[in-house]
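Read off the chains here:
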Amino acid sequence: MLAARAVRALEPGSDDPLSALEVADAPAAEAPPGWVRVTVAAAALNRHDLWSLRGVGLPPERLPMVLGCDAAGTLDDGSEVIVHAVVSDEDHATYRGDETLDPRRTLLSELHPGTLAEHVWVPRRNVLPQPAGWSVERAASLGVAWLTAYRMLFTQARAVPGQTVLVQGAAGGVSNALITLGSAAGLRVWVTGRTPQRLEKARSWGAAATFASGERLPGRVDAVFETVGKATWKHSVQALKPGGCIVVSGATTGGDAPAMLENVFFKQLRVLGSTMGTRDEFERLLQFCVTAGLEPEIDSVHTLADARDAFARLDSGEAVGKVLIRP
């Protein structure tokens, strides 16, 4: 098989992740039995890609590795599809109901080449039909960020219409998804953020109220959605009603926050981890977006040749919404 243009991590670059980035022809991967080829039309970047460039989850023996988890494209028969990034161990039947709990599960670009390439091979069960009339940018943006948010809201927190929830952080793909999905589902969504511009953007996505980071809230909330970590943890714990929950899917400012156990046991709080989502949840997310007419915020679209600019945009922390690459 011929080589294909791809974005690869060459070696761990913890101090300067972009120094580990390469755009070059990568040897074509041999497809395992039962896998299908997707010709990539658009791929979205995620924080996971920056962590990969820093060597997190990528031991030296797997390098160089094609990056990318999210994509939309076409199969060889012309079918338009969206890629689901969670690859589970099919020999572990116990985890087929929730592949995120499979201890052997990986994301594309961790063990198998990722989506930032002209072509990607994935298990047949890891492609979903792209809804009719959708742009490839819209389709490619939902996998990691929006699926993570969907699971946080409806599987882990079990949020229901009428509840008040707090989203820590007003920028990025997961925040965009939490606010948009939550407000569309009838939740009252409060959001914190660092700048007036980001808070204005959160209101445009459906936030009922916005606050400066760490600001005292006018009331307690039923659930808090955390991707920030140490910088907002105390505020998150103190924001909850008795019996409320914090759902954590990231810790961009560090994971060594004080546990505040006295608050946890006295107020009977729940702290729930959340990672990605299942194929079934992805199907429900797509149907929700179709029915409610929801679309992700797109920050910028880059060519494969300009992948370094795309990664620099994501790494800057200034991106609002998804950063995409079109091969």
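You'll find the structure just up there.
Residues numbered from 1 in each chain as written. Predicted model: local features only at pLDDT ≥ 70, side-chain atom pairs only at ≥ 80, totals over all residues. Heavy atoms only, no water.

## Overview of the overall build of the protein
Turning to step 1, where the next piece is worked out: On a plain count of helices and strands, the protein comes out with nine helices and 18 strands.
Turning to step 2, where the next piece is worked out: Scaling as 2.2 N^0.38, a compact globule of 327 residues should have a C-alpha radius of gyration of about 20 Å, and the protein matches this with 19 Å.
Turning to step 3, where the next piece is worked out: With respect to the principal axes defined by its C-alpha atoms, the protein has extents near 60 × 40 × 40 Å.
Turning to step 4, where the next piece is worked out: Classification of the 327 residues of the protein by burial places 54% in the buried group.
Turning to step 5, where the next piece is worked out: Here the contacts in the protein between residues at least 6 apart in sequence split such that 70% fall between residues at least 24 apart.
Turning to step 6, where the next piece is worked out: Of the accessible surface of the protein, which amounts to about 14200 Å², a share of 51% is contributed by carbon and sulfur atoms.
Turning to step 7, where the next piece is worked out: The averaged location of the 37 negative side-chain charges in the protein is 8 Å from the averaged location of its 32 positive side-chain charges. (Helix = DSSP H or I, 4+ residues; strand = E, 2+ residues; numbered from the N terminus. Rg over C-alpha atoms; globule rule 2.2 N^0.38 Å. Buried < 20%, exposed > 50% of the residue type's maximum accessible area, 1.4 Å probe, protein only. Contact = heavy atoms within 4.5 Å. Areas by Shrake-Rupley, 256 points an atom, 1.4 Å probe, with all protein chains shown as cover. Lys, Arg positive; Asp, Glu negative; His and termini not counted. Charge placed at Lys NZ, Arg CZ, Asp CG, Glu CD.)

## Side note on the sheet that holds strand 16 (residues 270-273)
Turning to step 1, where the next piece is worked out: What the six strands build is an open sheet, ordered 13-12-11-14-15-16; its pairing is parallel. Across the chains shown, the open sheet's two edge strands, defined by having one partner strand only, are strand 13 (209-212) and strand 16. For this sheet, the mean inter-axis angle between neighbouring strands, taken without regard to orientation, is 20 degrees.
Turning to step 2, where the next piece is worked out: Note: strand 12 (residues 188-193) against strand 13, four bridges, orientation parallel. Bridging from a neighbouring strand, G193 pairs with A212 of strand 13.
Turning to step 3, where the next piece is worked out: Along the sheet, helix 5 (residues 196-205) makes contact with strand 12 and strand 13, crossing strand 13 at roughly 160 degrees. (Pairing = 2+ DSSP bridges. Axes fitted to C-alpha atoms, helices over the stretch in contact; angles between N-to-C directions.)

## Quick look at the environment of E283
Turning to step 1, where the next piece is worked out: By the secondary structure assignment, E283 is in helix 8 (residues 279-292).
Turning to step 2, where the next piece is worked out: Its relative accessible area of 36% is what places E283 among the partly exposed residues.
Turning to step 3, where the next piece is worked out: For E283 and S79, which are 204 residues apart along the polypeptide, the C-alpha to C-alpha distance reads 17 Å.

## Concerning the nonpolar core
Turning to step 1, where the next piece is worked out: Residues W146, L181 and F225 are the most contacted members of the largest nonpolar core, which totals 54 residues.
Turning to step 2, where the next piece is worked out: Of the residues forming this core, the biggest block, eight residues, is contributed by helix 3 (residues 144-156).
Turning to step 3, where the next piece is worked out: Of all hydrophobic cores here, the second largest spans 35 residues; its members include W35, L67, L75 and V122. (Core = buried A, V, L, I, M, F, W, Y, C linked by side-chain atoms within 4.5 Å.)

## Considering a nonpolar patch on the surface
Turning to step 1, where the next piece is worked out: Among the surface-exposed residues, L261, F265 and F266 lie close enough to one another that they form a single nonpolar patch of about 420 Å² accessible area.
Turning to step 2, where the next piece is worked out: Structurally, F265 can be placed in helix 7 (residues 261-266). (Patch = residues over 30% accessible without salt bridge, like charges linked within 9 Å, V, L, I, M, F, W, Y side chains within 5 Å. Salt bridge = Lys/Arg side-chain N within 4 Å of Asp/Glu carboxyl O.)

## Brief notes about helix 3
Turning to step 1, where the next piece is worked out: Of all 13 residues in helix 3, eleven are buried; the element is thus mostly enclosed.
Turning to step 2, where the next piece is worked out: Where helix 3 is concerned, the buried positions are V144, A145, W146, L147, T148, A149, Y150, R151, M152, L153 and Q156.
Turning to step 3, where the next piece is worked out: The inward-facing, buried residues of helix 3 contact helix 4 (173-184), strand 14 (221-226), strand 15 (240-248), strand 16, helix 8 and strand 18 (322-326).
Turning to step 4, where the next piece is worked out: In the stretch just after helix 3, R158 is the one whose phi turns positive, near 55 degrees.

## Brief notes about the sheet that holds strand 4 (residues 65-66)
Turning to step 1, where the next piece is worked out: Taken together, the three strands give an open sheet; going across it, the order is 2-1-4, and neighbouring strands pair in antiparallel fashion. A strand with exactly one partner marks an edge of an open sheet, and here the two such strands are strand 2 (21-26) and strand 4.
Turning to step 2, where the next piece is worked out: Pairing geometry for strand 1 (residues 4-9) and strand 2, over six bridges, is antiparallel. Across the sheet, residue A4 finds its bridge partner in strand 2, namely A26.
Turning to step 3, where the next piece is worked out: Its contacts with the sheet place helix 9 (residues 307-316) against strand 1 and strand 2, and it is angled at close to 145 degrees to strand 2.

## Here we look at the environment of V144
Turning to step 1, where the next piece is worked out: Inspection of the secondary structure puts V144 in helix 3.
Turning to step 2, where the next piece is worked out: A relative accessible area of 12% means that V144 is categorised as buried.
Turning to step 3, where the next piece is worked out: It is 6.2 Å that separates the C-alpha atoms of V144 and M276, two residues lying 132 residues apart in sequence.

## Observations concerning the side chain of T164
Turning to step 1, where the next piece is worked out: The residue T164 is located in strand 11 (residues 164-168) in this model.
Turning to step 2, where the next piece is worked out: A residue is classified by how much of its surface remains accessible, and T164, at 4% relative accessible area, is buried.
Turning to step 3, where the next piece is worked out: Looking at T164, its side chain comes within polar contact range of the side chain of R188, at 2.9 Å.
Turning to step 4, where the next piece is worked out: Setting aside its immediate chain neighbours within four residues, T164 contacts R188, W190, V221, D222 and A223. (Polar contact = N/O pair within 3.5 Å; in protein donor to acceptor, adjacent residues only side chain to side chain.)

## Looking at the side chain of R198
Turning to step 1, where the next piece is worked out: Locating R198 in the fold gives a position in helix 5.
Turning to step 2, where the next piece is worked out: For the buried residue R198, which engages in no salt bridge, the nearest side chain bearing the opposite charge is E318, 4.1 Å off.
Turning to step 3, where the next piece is worked out: With near-sequence residues (within four places) excluded, R198 lies in contact with A170, A171, G317 and E318.

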